[in-house]
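Single-letter residue listing:
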Amino acid sequence: INSTAFDWWYFDAVSPDADYSVVVVFFTATTEGFWPGLPAPSGTATWAFASVTGPDGTTVSTVTAGEGYAIETSGIGSSGVLGATGWSWNSSANGSKYQILLQGNETEADGTVTLTSVRDIKTLPLINS
């Protein structure tokens, strides 16, 4: 990361019955590198955001700031831990299943989100940039 670039890990899903949706995003950036002019939460450039929308349309969101990330990749999968927060993710090596943990911090978020692909990852086209 630098003053013009940032990393983020974005996860979203809808429950099989379409009653619930969830978005979880892990960010790391310099405060200048993340959408210039938008200050990072809590004066840090390492944080995560979670939002859950229920069947009645009510949305509950929370943000937590961390002390850096530990990120690993395996195949096309990845895992990451947002330091000192209890928030993390872990995937299978083929990227078909992710587990996101939101636990043990000052936010009201406490739980596990499991995402399972409904398509064979190997058949998806690769994006070249």
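Higher on the page you've got the structure.
Bear in mind the structure is a predicted one, so any value in this text is a computation, not a measurement. (Residues numbered from 1 in each chain as written. Predicted model: local features only at pLDDT ≥ 70, side-chain atom pairs only at ≥ 80, totals over all residues. Heavy atoms only, no water.)

1. Remarks on the layout of surface pockets
Then step 1. Taken as a whole, the largest pocket spans an internal volume of roughly 620 Å³.
Then step 2. Lining the largest pocket are 26 residues, with Asp12, Tyr98, Leu115, Thr116 and Ser117 positioned closest to its centre.
Then step 3. Secondary structure elements with two or more residues in the lining of the largest pocket: strand 1 (6-14), strand 6 (77-82), strand 8 (97-102) and strand 9 (111-116).
Then step 4. Tallying contributions element by element places strand 1 first for the lining of the largest pocket, with six residues.
Then step 5. Each residue belonging to the lining of the largest pocket can be placed in one class, and the counts come to 13 nonpolar, ten polar and three charged.
Then step 6. Approximately 270 Å³ is the volume found for the second largest pocket.
Then step 7. Along the walls of the second largest pocket sit 14 residues, with Ala50, Val52, Leu102, Ala109 and Asp110 positioned nearest its centre. (1 Å grid on protein atoms, 1.4 Å probe; cavity = no way out; pocket = protein on both sides within 12 Å on 5 of 7 lines; lining within 4 Å. Points joined across faces, edges and corners; volume = space filled by probe spheres on them. Helix = DSSP H or I, 4+ residues; strand = E, 2+ residues; numbered from the N terminus. Nonpolar A, V, L, I, M, F, W, Y, C, P; charged D, E, K, R; others polar.)

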